[in-house]
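Coordinates in review
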Amino acid sequence: YDEGYEDSRVELPNRPTPYEVWAAKNEVTKVEKKPKKMKDAEWDGLVERLHGTKRSKESTIKQQQNRELAEQLRELHFKPTLNDNSRRIAADTKRGPMLRRMEMDLEVREKKLQQKREEQLEEEIKELQPKPNLEGSKQSLKYLKQANKPTQRS
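1. Some thoughts on the overall build of the protein chain
- Regarding its fold elements, the protein chain presents 5 helices and 0 strands.
- The secondary structure elements of the protein chain, listed N-terminal to C-terminal, are α-α-α-α-α.
- The proportion of buried residues among the 154 residues of the protein chain is 2%.
- Surface summary for the protein chain: the accessible area is close to 16400 Å², and the carbon and sulfur share equals 53%.

Structure representation (structure tokens):
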């Protein structure tokens, strides 16, 4: 801050504003307007006119919405479209009611899962069993290939 900060105030000249100059030359008379008192019948007419305008706008909007809705409904078809899988399931009546079908499907699924588990277990056992390499030498490999025999025991 400057040391002379407090003394560096700007003072405006003491002269009238342009409006004050204009007001001094032109006489301004203020007229107070009193609101017009309306009679009950006039109030009723005003209210009816305003409500009538609102009702006609709402009616126009409703008619437009109804036309658009009718157009949309013309384009709609109230018939379900079933895919091939749904048709196949619906045609399969020999499987019985839904609960029975669900139980049968669950049994089939469990059987498939058990079979996959067994196959996976067999593969893991095969991987763990040692398989001797019958190649031994290049000469042995040559004789095995001529005889169309595997180079590893299974």
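2. Concerning a nonpolar patch on the surface
- Together, Leu69, Leu73, Leu76 and Phe78 give the surface a local cluster of nonpolar side chains, amounting to about 440 Å² of exposed area.
- Tracing the sequence through the fold places leucine 73 in helix H2 (residues 40-75).

3. Observations regarding a negative patch on the surface
- A contiguous patch of negative charge, built from Glu118, Glu119, Glu122, Glu123, Glu124 and Glu127, is present on the exposed surface.
- Here glutamate 122 lies in helix H4 (residues 98-128).

4. Observations regarding the pattern of salt bridges
- With the rule as written, the count across this model stands at 2 salt bridges.
- Here arginine 55 and glutamate 48 are joined by a salt bridge, their closest N and O atoms 3.7 Å apart.
- Of the charged contacts, one joins glutamate 71 and arginine 74 as a salt bridge, the two residues approaching to 2.6 Å between their closest N and O atoms. Of this pair, glutamate 71 and arginine 74 both sit in helix H2, separated by 3 residues, roughly a single helical turn.
- Overall, arginine 74 belongs to the exposed group, its relative accessible area being 59%.

5. Here's the deal with the side chain of arginine 101
- Here arginine 101 is to be found in helix H4.
- Of the side chains bearing the opposite charge, aspartate 105 lies closest to the buried arginine 101, which forms no salt bridge; the N-O distance is 6.3 Å.
- Aside from chain neighbours lying at most four places away, what touches arginine 101 is Ile89, Asp92, Arg95 and Gly96.

6. Considering the confidence of the model for the protein chain
- Summing up the model confidence of the protein chain, the mean pLDDT is 82 and the portion of residues at 70 or higher is 87%.
- Per-element mean pLDDT across the protein chain ranges from 76 in helix H5 (residues 138-146) up to 92 in H2.

Procedures and definitions
- Residues numbered from 1 in each chain as written.
- Predicted model: local features only at pLDDT ≥ 70, side-chain atom pairs only at ≥ 80, totals over all residues.
- Heavy atoms only, no water.
- Helix = DSSP H or I, 4+ residues; strand = E, 2+ residues; numbered from the N terminus.
- Buried < 20%, exposed > 50% of the residue type's maximum accessible area, 1.4 Å probe, protein only.
- Areas by Shrake-Rupley, 256 points an atom, 1.4 Å probe, with all protein chains shown as cover.
- Patch = residues over 30% accessible without salt bridge, like charges linked within 9 Å, V, L, I, M, F, W, Y side chains within 5 Å.
- Salt bridge = Lys/Arg side-chain N within 4 Å of Asp/Glu carboxyl O.
- Lys, Arg positive; Asp, Glu negative; His and termini not counted.
- Charge placed at Lys NZ, Arg CZ, Asp CG, Glu CD.
- Contact = heavy atoms within 4.5 Å.
- pLDDT = per-residue confidence, 0-100.

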